[in-house]
Amino acid sequence: MSLAQDYRKAMSQAGTSQFQEVIRQELEYSMKVELDKILATAPQNELEHTKKDLEGFKKLFHRFLQEKGPSVDWGKIQRPPEDSIQPYEKIRARGLPVNITSVLNKLVVVKLNGGLGTSMGCKGPKSLIGVRNENTFLDLTVQQIEHLNKTYNTDVPLVLMNSFNTDEDTKKILQKYSHSRVKIYTFNQSRYPRINKESLLPIAKDVSYSGENTEAWYPPGHGDIYSSFYNSGLLDTLIGEGKEYIFVSNIDNLGATVDLYILNHLMNPPNGKCCEFVMEVTNKTRADVKGGTLTQYDNKLRLVEIAQVPKAHVDEFKSVSKFKIFNTNNLWISLPAIKRLQEQNAIDMEIIVNPKTLDGGLNVIQLETAVGAAVKSFENSLGINVPRSRFLPVKTTSDLLLVMSNLYSLNAGSLTMSEKREFPTVPLVKLGSSFTKVQDYLTRFESIPDMLELDHLTVSGDVTFGKNVALKVCMRMRQTWVK
């Protein structure tokens, strides 16, 4: 029996034992030996950076071996106190100060830019996919911040957290913004080795991530932002420039624009008590039942994800009536607080074990963390229940069709729902497998249909849309249709 098999057998037994601890220590030692071998292959100019990455991975692996099963005790979960999740209308009702420029000068916008567009059939960074009038996610982000800086004569910078998958291509594109009124910085999240599911050892044999080693490494989730931001030196640079808060969001969420009312609430708290972490939440629909939710746990606000929920309570977790809100991953976080907690090694995030099967059939696991899970580590954390319009992610071509249509108008990089739309919600659109890849999707529309009066659209099969099509109320299409 292998060491990893011994570990699984030991962990399946009730309680703790000396045997479990011995096996854990042996696994950690075996991992250390393998990581030292990998580090020895690093060229001199990459040595320090690689060492930091592998040290971070070792800490995560140690915690992975210590933890067992779902990391929440369902009996401890309570509804958050009334004042811990504020309605956006109350935040907005405070208005804006006359010195809004000085408030904005303390803000940094951070976009999570580590993902590839593979789920939509694209190569390279997802942020470089065209989403509206040939503008990419990155184009729209730069336009939004440039408009903000020009309107208020301010200097809000943009920071991109890239991964080793997106860094090179992103930096090439950044040259096109050299004359825009936005300072753009980048830093890379860590690069961790994938673990063989059977042996619990890394599949990488050296530090390279090309050729045979392409699948040996992965970016460990956006929870890595805290350590990577700190290690890059950029955190200290921005604090030195007088910046106090970052607004963090996924780059594919087109609703995640800078909100002046939330920023003012942070910079000028009504009770005088500094809030170090704000999570924007919004009301769940049936499409969001798996989304993480804010709860009260051990007298702290805590983000609970479905993967942490014991199987017996998953249906209860999915209940829209009991857990009414979910995390949009739009976060406002104090820069000095990040620095303090990093230096105290006090940012606690649950481990997400992400299983993968590589092209050759090998089963591996990735150890990841989520940025919002750190909410419990910050002081005076707060949830703000924002309008659904601030959550407009583009994960599929069905989402892409919505944002490309006349449901939205585009102004200075921001999308807003058309005033001509009579319904307050967007249509439910489900495009079939023929539309999964962006290139296939584009060839099937001679022009984007009028969708102002659409309620629900399901498309299955080999369907093509002609020019000047209007989709209304509810349509179910199951045959090829060309105008």
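Position numbers for residues count from 1 along each chain, tracking the sequence in the order it is written. Per-residue local features of the predicted model are confined to residues with pLDDT of at least 70, and side-chain atom pairs are confined, for both listing and counting, to 80 or more; whole-chain, interface and lining totals are unaffected and use all residues. Note: side-chain values were computed over all heavy atoms of the structure, leaving out hydrogens and water.

Within an unreviewed UniProt entry, the label attached to the protein reads UTP--glucose-1-phosphate uridylyltransferase, and the organism entered is Gopherus evgoodei. UniProt positions are given in the numbering used here, feature names are shortened, and annotations may be inferred rather than shown by experiment. In the Sequence similarities (unreviewed entry) part of its UniProt record, the protein is described as follows: "Belongs to the UDPGP type 1 family."

(A) Molecular detail of the packing of helix α2 (residues 18-39) against helix α3 (residues 47-66). Look at α2 against α3: their axes get within 11 Å of each other, and the N-to-C directions meet at 165 degrees. One way to sum up the angle between α2 and α3 is to call them roughly antiparallel. Relative to α3, α2 is oriented so that their crossing is right-handed. Only L47, T50, K51, L54, F57, K58, F61, H62, L65 and Q66 of α3 make contact with α2, whose side of the interface consists of R24, L27, E28, M31, K32, L35, I38 and L39. In this analysis, axes come from line fits to C-alpha atoms, helices being fitted only over the stretch in contact, and the angle between any two N-to-C directions falls in the range 0 to 180 degrees. To qualify as a helix, a DSSP run of H or I must reach at least 4 residues; to qualify as a strand, a run of E must reach at least 2; elements of each kind are numbered from the N terminus. Throughout, the term roughly parallel applies to angles under 35 degrees, roughly antiparallel to angles over 145, roughly perpendicular to angles from 65 to 115, and oblique to all others. Rotating anticlockwise by less than a right angle from the far helix to the near helix defines a left-handed crossing, while the corresponding clockwise rotation defines a right-handed one. Here a residue-residue contact requires only that any non-hydrogen atoms of the pair lie within 4.5 Å.

(B) Structural view of the UniProt feature "binding site: UTP" (unreviewed entry) in the protein. The sites that UniProt annotates as "binding site: UTP" (unreviewed entry) are K126, Q189, G221, D252 and K395. Within the secondary structure, K126 is located in the loop between β2 (107-113) and β3 (130-132). Relative accessibility thresholds used throughout: buried, under 20% of the residue-type maximum; exposed, over 50%; partly exposed, between the two (1.4 Å probe, protein chains only). With a relative accessible area of 10%, K126 lands in the buried category. K126 has contacts with G115, L116, G117, M120, F137, D252, V394 and K395, leaving out every residue within four places of it along the chain. Following the sequence through the fold, G221 ends up in the loop between β9 (217-218) and α8 (225-232). In this structure G221 comes out as buried when scored by relative accessible area, which is 17%.

(C) Examining the sheet that holds strand β1 (residues 85-87) more closely. If you trace the 8 strands from one edge of the open sheet to the other, you get β1-β17-β11-β14-β10-β2-β5-β6, paired in mixed fashion. Looking along the sheet, the strands with just one partner apiece sit at the ends: β1 and β6 (184-188). Along the sheet, successive strands turn relative to each other by an average axial angle of 25 degrees, direction set aside. Along the sheet face, helix α6 (residues 137-152) touches β2, β5 (158-162) and β6 and points at about 155 degrees away from the line of β5. In the packing of helix α7 (residues 167-174) onto the sheet, contacts are made with β2, β5 and β6, and the angle to β6 comes to roughly 170 degrees. Strand pairing is assigned whenever DSSP detects at least two bridges linking the two strands.

(D) Highlighting unusual backbone geometry. One non-glycine residue, N133, lies in positive phi territory at about 50 degrees. Checked against the element boundaries, N133 lands in the loop between β3 and β4 (135-136). One non-glycine residue, L200, lies in positive phi territory at about 60 degrees. Residue position: L200 is located in the loop between β8 (195-196) and β9. Residue classification places L200 among the buried residues on the basis of a relative accessible area of 3%.

(E) Just the pattern of salt bridges, in detail. Salt bridges are defined by distance alone: a side-chain nitrogen of Lys or Arg within 4 Å of a carboxyl oxygen of Asp or Glu. As enumerated under the stated definition, the model contains 27 salt bridges in all. Two residues, E453 and K472, come together in a salt bridge whose shortest N-O distance is 4.0 Å. In this pair, E453 is assigned in strand β21 (residues 450-459) and K472 in strand β22 (residues 470-477), connecting sequence segments 19 residues apart. Taken together, the shared-partner salt bridges in this structure form one network comprising R63, E67, R302, D348, E350 and K376.

(F) Examining the UniProt feature "binding site: substrate" (unreviewed entry) in the protein more closely. Here the UniProt feature "binding site: substrate" (unreviewed entry) sits at H222. By the element assignment, H222 lies in the loop between β9 and α8. When sequence neighbours within four positions are dropped, the list of residues in contact with H222 reads L112, M161, N250, N329, T369, A370 and V371.

(G) Local environment of α3. Multiplying 1.5 Å by the residue count of a helix minus one yields the expected span of that helix. Compared with the 28 Å implied by 1.5 Å per residue over 20 residues, the 29 Å span of α3 between its first and last C-alpha is a close match. Residues T50, D53, L54, F57, L60, F61, F64 and L65 constitute the buried set of α3. The buried residues of α3 occupy an angular sector of 135 degrees when projected down its axis, which confines them to one face. Residues of α3 that are exposed and point over 90 degrees away from its buried face: E48 and K59. What the arc measures is the spread of directions leading from the helix axis to the C-beta atoms.

(H) Quick peek at the sheet that holds β8. Reading across the sheet, the 3 strands line up as β8-β16-β15 and stay open at both edges, with antiparallel pairing between neighbours. Where the open sheet ends on each side, the last strands, each with one partner, are β8 and β15 (352-357). Pairing analysis gives 2 bridges linking β8 to strand β16 (residues 363-368), with the strands arranged antiparallel. Paired with N196 across the two strands is V364, which belongs to β16. Seen against the sheet, α3 touches β8, β15 and β16 and runs at an angle of roughly 105 degrees to β16.

(I) The state of the cysteines, seen in detail. Whenever a pair of cysteine sulfur atoms sits within 2.5 Å, that pair is classed as a disulfide. Evaluated as defined, the whole model comprises 0 disulfides. Looking at the unpaired C274, the closest cysteine sulfur is the one in C275, lying at 7.0 Å. Owing to a relative accessible area of 44%, C274 belongs among the partly exposed residues under this scheme.

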